[in-house]
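# Structural overview
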Amino acid sequence: MKNNTVITVNVIGAGLAGLSAARGLAKRGVKVRLFSVHSSERAQSNLAEGGINASLDVMGENDSWREHFDDTMKGGCFLADPEMVKELTMNAPEVVMDLDRLGVPFHRENGHIVQRNFGGQKKKRTAYAMSSTGRVLVAALTDEVRKHEYSGCIKRYPHHRFERIIIKNNECAGVQIYDLYTHTRKVYEGPVIIASGGFNGMFPGLTTGTTANTGLAAAELFSQGVEFANLEFIQYHPTTTEITGKRLLISEAARGEGGRLFYFKDDGSYCYFMEEKYGSGGNLMPRDVISREMAVLGRQVYLDLTKLTEDTWNDKLSDLRDEIMHYMSVDPKLEPVPVSPGIHYFMGGIRVDIGHRAGIAGLYAAGECACAYHGANRLGGNSLLGAIYGGLRAAVSVVDDIAEGAFKGAGAPDNDDIADFTYIADSEAGIKSFMENELANGLGIIRDGIKLQNAIDKINAGFNDFLIESGADRGLAISDELMCRYRFTLAILKSALERKESRGAHTRRDYPKTLKEYRGTSVTRWNGSQIDYRLEIIPDSDTGVED
Amino acid sequence: MKKVLHIRRQKAGDSNAYWEDFTYEYKEADTVATALMTLPVVWEHSCLQKRCGACAMVINGTPHLACDTCLSDLKGERVVIEPLRKFPVVEDLLVDRSSMMNTLREMELWLNSDAVPDGEKTAFEASKCLQCGLCLEVCPNFYAGGKFGGMAAMAPAVRFLNKAPKEQQPELSRAYNKYVYEGCGKSLACRNVCPAGIDIEKLLVKSSAAAVWKNFKNL
């Protein structure tokens, strides 16, 4: 058994979840290796705009963690683990106050933090810095990590890519890492916290995320037998627009500050369709609801920000205005902005327990790569919170597990444990994009069983043809990356096919109702030859919200 | 519409550079980043919306983010693309900017105790710095590995001059003087290149006032 003086923890990813995990460990005296392809300034966390939720109760609305809990559970259609959400929402005020003590420039009035309205929440609960909240939080946590780098507790490995975990005696004994500068691989001993973000790279060009977020870490872990949960729940954010190479997000803060969604009726007048259907709070319904309405509508929708006051633009959204003008050549102060839904967040991910343990001793996951707090639909402002709290929670679990001697000491990985890992070759680009297209077609906002089954059949057929054409059936090599992506693609499609109901971000044309017998977590796992699937029903008593 | 991308390539930092031309058919909104995505050239990219600073490079002789440079805005058919010259090349357009992070570490830019909440507007402005290095590329005083950290060190330092507790201020002022103030020749060549739109001149005046003349109230 080892104690914490010799164990070094490997954190994969230097966005907010990874930074928070590394800091949490360092503050508890545990050494950390922080691996990332890019420096923290390039992480997707920097793109988070609107804010971070916590029931600080500073807006005179009598807010409480309990209401934050209720809104989160309801927004997630009662699919999140209530115990996890309880922890998250109870600890949220301390998370934000901690960030405040780090000097995060939250918007203030008369010296006090101001919170704004956000979708799916009854109270003003979102603390923010213009619409660049992610950026200021990354800056603050990067500063903190820098302090621990200086003391030698955290060592950063930028330009290092995760390839696989080393499993020995059913324990995660370490990690294999590829150095993108020297093109060499190495194994590092110790527990592993995965904080690799969402799976944007499975949907290239169709998400608001970064190109650095390839989804490969998740696909590789899936291939290694790590369990994934709720992969069918993919959030389409209602207000995005296509720019070259990706989707650009127009923050929900724009609606939190008074923006209204409408379409032009045939006579040219405005139809505020969300308000007509859902009342005055219509524009701030949860994202899944609005995106679904827009998909059903089938018309060009606009976001009307022309009634926002001069002060609101100057003090709260000036950066958003600049961005819209730069990329869309529209001044949102003067004219409505055309918007449409785009993939924004993955609620599902690596299956974790309340302590962010990922099913294999020594393996943990936090942030968007983990299935944790958001159920069937994430509320705006809960992702920054979930990433920072989740990273910290995983760090605490590692420290607890070390203290309890949970790691049997599977044996240090050495050079013999290094396995080659091959990446997609030019000859495989075609089949890769074929799979991506089928995946995207199957997993639109509105899905149906026939389309999903078709996508699976076409991918399997296409993949088999490719194996024959490329000679893989005669023992010629096909890349590890392609195999990992193939399996993970099928797992996502299978999760969507098997959930024969509509709930949150998963809308089925053929099963339009939410069904009690599907109130459960869908779990997929690669068993070495095929995908195992099961639905784990959440017990009735565990409703999360008192009726 | 087509452009010929004339790209300076290099297999490794210690190998010889060579130039290669790629023809690219472009659409109205395409940026240099859009074009590079289709080419077998190594470069750093992440957000594609000028919020991360990854894709900094030299385009037609001046430093830009590739995602912030529309092909249709560039005159002529030929577009000359080079890696940033102030940093060691790793491969093609990919450079090693770790010296920037090292400088921030040497300056000991972190809080020793709780922040003093004040002047969040200045702190917010300074937080916008992407650590992309474009301002260093045009700076006549900066070289990688040198003592002078340039405006990429000034911006993060401002956040601390602003929020650090009183006891830490003398140390921070010393670091600011050593890594920013003493090395800056005030050429202000960096004034117009910041992709995050930071008003460098204004920030510099404020931070120097605070660090050098201890005029914290003006922050």
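Residues numbered from 1 in each chain as written. Chains lettered and ligands numbered in written order. Predicted model: local features only at pLDDT ≥ 70, side-chain atom pairs only at ≥ 80, totals over all residues.

Across its full length, chain B carries seven helices and seven strands. Listing every helix and strand of chain B by position from the N terminus yields β-β-α-β-β-β-β-β-α-α-α-α-α-α. A compact globule built from 219 residues would reach a C-alpha radius of gyration of about 17 Å, and chain B, at 19 Å, matches this within 12%. C-alpha atoms of chain B, sized along the principal axes, occupy 60 × 35 × 30 Å. Relative to its 219 residues, chain B shows a buried fraction of 51%. Counting contacts in chain B only where the partners sit at least 6 residues apart, residues at least 24 apart contribute 67% of the total. (Helix = DSSP H or I, 4+ residues; strand = E, 2+ residues; numbered from the N terminus. Rg over C-alpha atoms; globule rule 2.2 N^0.38 Å. Buried ≥ 20, exposed ≤ 12 C-beta atoms within 10 Å, placed from the backbone. Contact = placed C-beta atoms within 7 Å.)

This paragraph deals with the pairing of strand 16 (residues 260-264) of chain A. Residue and element names in this part refer to chain A. Across three bridges, strand 16 lies against strand 18 (residues 301-304) in antiparallel orientation. In the strand pairing of strand 18, R260 is matched with D304. Bridge count between strand 16 and strand 17 (residues 270-271): two bridges; the pairing is antiparallel. What sits directly across from Y263, in strand 17, is C271. In sequence, strand 16 turns back onto strand 17 through a hairpin of five residues, with G268 there showing a positive phi of about 90 degrees. (Pairing = 2+ DSSP bridges.)

Below, the discussion takes up the confidence of the model for chain A. For chain A, per-residue confidence averages 94 on the pLDDT scale, and 97% of positions sit at 70 or higher. Residue range residues 1-5 of chain A is modelled with pLDDT below 50. Its contacts to residues more than four positions away, or to other chains, number ten contacts. (pLDDT = per-residue confidence, 0-100.)

A few words now on unusual backbone geometry. All names here are of chain A. Within the chain, N62 stands out as a residue other than glycine whose phi angle is a positive 60 degrees. By the secondary structure assignment, N62 is in the loop between strand 3 (52-53) and helix 2 (65-75). Its identity is not glycine, yet F78 carries a phi of approximately 60 degrees, on the positive side. When you line up the elements, F78 lands in the loop between helix 2 and helix 3 (82-101).

Moving on, we come to the domain arrangement of chain A. Residues and elements named next belong to chain A. The assigned domain composition of chain A is domain 1 (239-341) and domain 2 (426-537). Contact with domain 1, which involves five residues of that partner, is made by five residues of domain 2. Take the side of domain 1 that touches domain 2: its biggest share by element is four residues, from helix 8 (residues 287-297). Looking at the side of domain 1 that touches domain 2, its residues break down into two nonpolar, one polar and two charged. (Domains from an automatic or database assignment. Nonpolar A, V, L, I, M, F, W, Y, C, P; charged D, E, K, R; others polar.)

All names here are of chain B. Spatially, 2-1-5-3-4 is the arrangement adopted by the five strands of the open sheet, whose pairing is mixed. Lying at the two open borders of the sheet, with one neighbouring strand each, are strand 2 (17-25) and strand 4 (62-65). Mean inter-strand twist for the sheet, computed between neighbouring axes without regard to direction, equals 35 degrees. Of the strand pairs in this sheet, strand 3 (residues 56-59) and strand 5 (residues 78-82) are connected by two bridges, and their pairing is antiparallel. Residue pairing in the sheet places I59 in a bridge with I81 of strand 5. (Axes fitted to C-alpha atoms, helices over the stretch in contact; angles between N-to-C directions.)

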